[in-house]
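Survey of secondary and tertiary structure
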Amino acid sequence: DARVTQTPRHKVTEMGQEVTMRCQPILGHNTVFWYRQTMMQGLELLAYFRNRAPLDDSGMPKDRFSAEMPDATLATLKIQPSEPRDSAVYFCASVFVGTEAFFGQGTRLTVV
Amino acid sequence: DQQVKQNSPSLSVQEGRISILNCDYTNSMFDYFLWYKKYPAEGPTFLISISSIKDKNEDGRFTVFLNKSAKHLSLHIVPSQPGDSAVYFCAASAHGAGSYQLTFGKGTKLSVIP
């Protein structure tokens, strides 16, 4: 049963701490997206990778967010330092060119 | 500037009736459109898609209509069932430009009343 796996599912952290979210895309999918869902903005694209190379990260606050794909089975999204306004659900999705995107279950981040 | 707009935040429909969810877009480069369904505490799941070379695509109870001249698409669910209650997101991408990046609307929460 192929699926996108995200860890952790929930994270509560104090302001100023580093947060790392992980995503395992579906095997063989060569495009990975990070989205953030908030009540006000809906689903916003933060970054996306194709064949592990970053293609667009214009949606990310560069001073505190970073996204990487150290290998084809792992994508990471880091926030350092975290702020209360970063509280949201973060989704990873993967695509094999020509098919629809499959989403993980998300990481619910709360920064207090 | 929102490129994909879902102007109705919520919609209530009686079980058995038709649900119509609407979506408008502004970017003329978009050539592939998708609908995703999202339940609480889960990720969005793909429902149905349509390429800009078509004006209709049907899959069981779900039909998506595309009006390119109006930059408008709609999702019809007939008949609606209580299990259809979820948030529906419209999304668009520019495949012809080599981009599979999805731009989403803010979603419409559908409630199907038994």
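In this text, all values refer to a predicted model and were calculated from it rather than measured experimentally.

Rules used in this analysis
Along each chain, the written sequence defines residue order, and numbers are assigned to residues from 1. Both sets of labels track the order of writing: A upward for chains, 1 upward for ligands. Reporting in this predicted model follows two pLDDT cut-offs: at least 70 for local features of residues, and 80 or more for side-chain atom pairs to be given and counted; totals over whole chains, interfaces and linings ignore these cut-offs and use all residues. To obtain the side-chain values, all non-hydrogen atoms of the structure were included, while hydrogens and water were left out. A carboxyl oxygen of Asp or Glu within 4 Å of a side-chain nitrogen of Lys or Arg is what we treat as a salt bridge. Burial classification: accessible surface area is computed with a 1.4 Å probe over protein chains only, and a residue below 20% of its type maximum counts as buried, one above 50% as exposed, and the rest as partly exposed. The way it works is that DSSP assigns letters per residue, a run of H or I at least four long becomes a helix, a run of E at least two long becomes a strand, and they are numbered from the N terminus. We treat Lys and Arg as the positive residues and Asp and Glu as the negative residues; His and chain ends play no part in the count. We call two residues contacting when some pair of their heavy atoms lies within 4.5 Å. Sulfur atoms of two cysteines make up a disulfide when they are within 2.5 Å. What gets called buried area is simply the loss in accessible area from a 1.4 Å probe that two parts show on being joined, summed for both. Polar contact is the term for a pair of N or O atoms within 3.5 Å; when the atoms are in protein, one must be able to donate a hydrogen and the other to accept it, and sequence-neighboring residues count only if both atoms are side-chain atoms. Amino acids are sorted into nonpolar (Ala, Val, Leu, Ile, Met, Phe, Trp, Tyr, Cys and Pro), charged (Asp, Glu, Lys and Arg) and polar (every other residue, Gly among them). DSSP bridges decide pairing: two strands pair if at least two such bridges lie between them. Each nonpolar core is a collection of buried residues, namely Ala, Val, Leu, Ile, Met, Phe, Trp, Tyr and Cys, held together in the definition by side-chain atoms within 4.5 Å.

All names here are of chain A. Evaluation of the coordinates by the stated rule reveals seven salt bridges over all chains. E44 serves as the salt-bridge partner of R36, at 3.3 Å between the closest nitrogen and oxygen. Exposure remark for R36: the relative accessible area of 12% places this residue in the buried category. A relative accessible area of 24% places E44 in the partly exposed class. Taken together, the shared-partner salt bridges in this structure form one network comprising R64, E83, R85 and D86.

Residue and element names in this part refer to chain B. Along the chain, the position of D31 falls in the loop between strand 3 (19–25) and strand 4 (32–38). Although buried, D31 forms no salt bridge, and the nearest oppositely charged side chain, K68, lies 11 Å from it. For D31, the residues in contact, after removing those within four places along its chain, are I50, S51, S52, S93, A94, H95 and G96.

With that settled, consider the state of the cysteines. All names here are of chain A. The full count for this structure, using the stated rule, is two disulfides over all chains. Across the disulfide, C23 is cross-linked to C92 (sulfur-sulfur distance 1.9 Å). Handedness of the C23-C92 disulfide follows from its S-S torsion of about -60°: it is left-handed. Of this pair, C23 sits in strand 3 (residues 19–24) while C92 sits in strand 9 (residues 88–95), and the two are 69 residues apart along the sequence. Given the relative accessible area of 1%, C23 is considered buried. A residue is classified by how much of its surface remains accessible, and C92, at 0% relative accessible area, is buried.

This part takes up the interface of chain A and chain B. Listed per partner, the contact involves 20 residues of chain A and 16 residues of chain B. For the chain A and chain B pair, buried surface summed over both sides reaches about 1600 Å², with 59% attributable to carbon and sulfur atoms. A per-residue breakdown of the area chain A buries against chain B is headed by L43(A), E100(A) and F103(A), which together make up 29% of the total. Scanning the region where chain A abuts chain B turns up zero salt bridges. Summed over the shared surface of chain A and chain B, the result is three residue pairs in polar contact (both at pLDDT 80 or more). Listing elements by their share of the side of chain A that touches chain B, those giving two or more residues are strand 4 (31–38) and strand 5 (42–50) of chain A. Of all the elements, strand 5 of chain A adds the most residues to the side of chain A that touches chain B, at five residues. Along the lines of polarity and charge, the residues of the side of chain A that touches chain B split into ten nonpolar, six polar and four charged.

With that settled, the discussion passes to the sheet that holds strand 7 (residues 62–67) of chain B. Residues and elements named next belong to chain B. The five strands are arranged 1-3-8-7-6 in an open sheet whose pairing can be described as antiparallel. Edge positions in the sheet fall to strand 1 (4–5) and strand 6 (56–59), since each has one partner strand and no second. Where strand 3 lies against strand 8 (residues 72–77), six bridges are found, and the strand directions are antiparallel. Across the sheet, residue N22 finds its bridge partner in strand 8, namely S74.

F33(B), W35(B), L73(B), L75(B) and Y88(B) are the most contacted members of the largest nonpolar core, which totals 23 residues. Breaking this core down by element, the ones donating at least two residues are strand 3, strand 4, strand 5 (45–51), strand 7, strand 8, strand 9 (86–93) and strand 11 (108–113) of chain B. Counting residues per element, this core draws most heavily on strand 9 of chain B, at four residues. Not counting residues within four places of it along the chain, the set of residues in contact with L73(B) comprises L21(B), N22(B), C23(B), Y25(B), F33(B), W35(B), V64(B), F65(B), L66(B) and C90(B). Core analysis: the next-biggest nonpolar cluster, separate from the first, contains 21 residues, V4(A), C23(A), A47(A) and Y90(A) among them.

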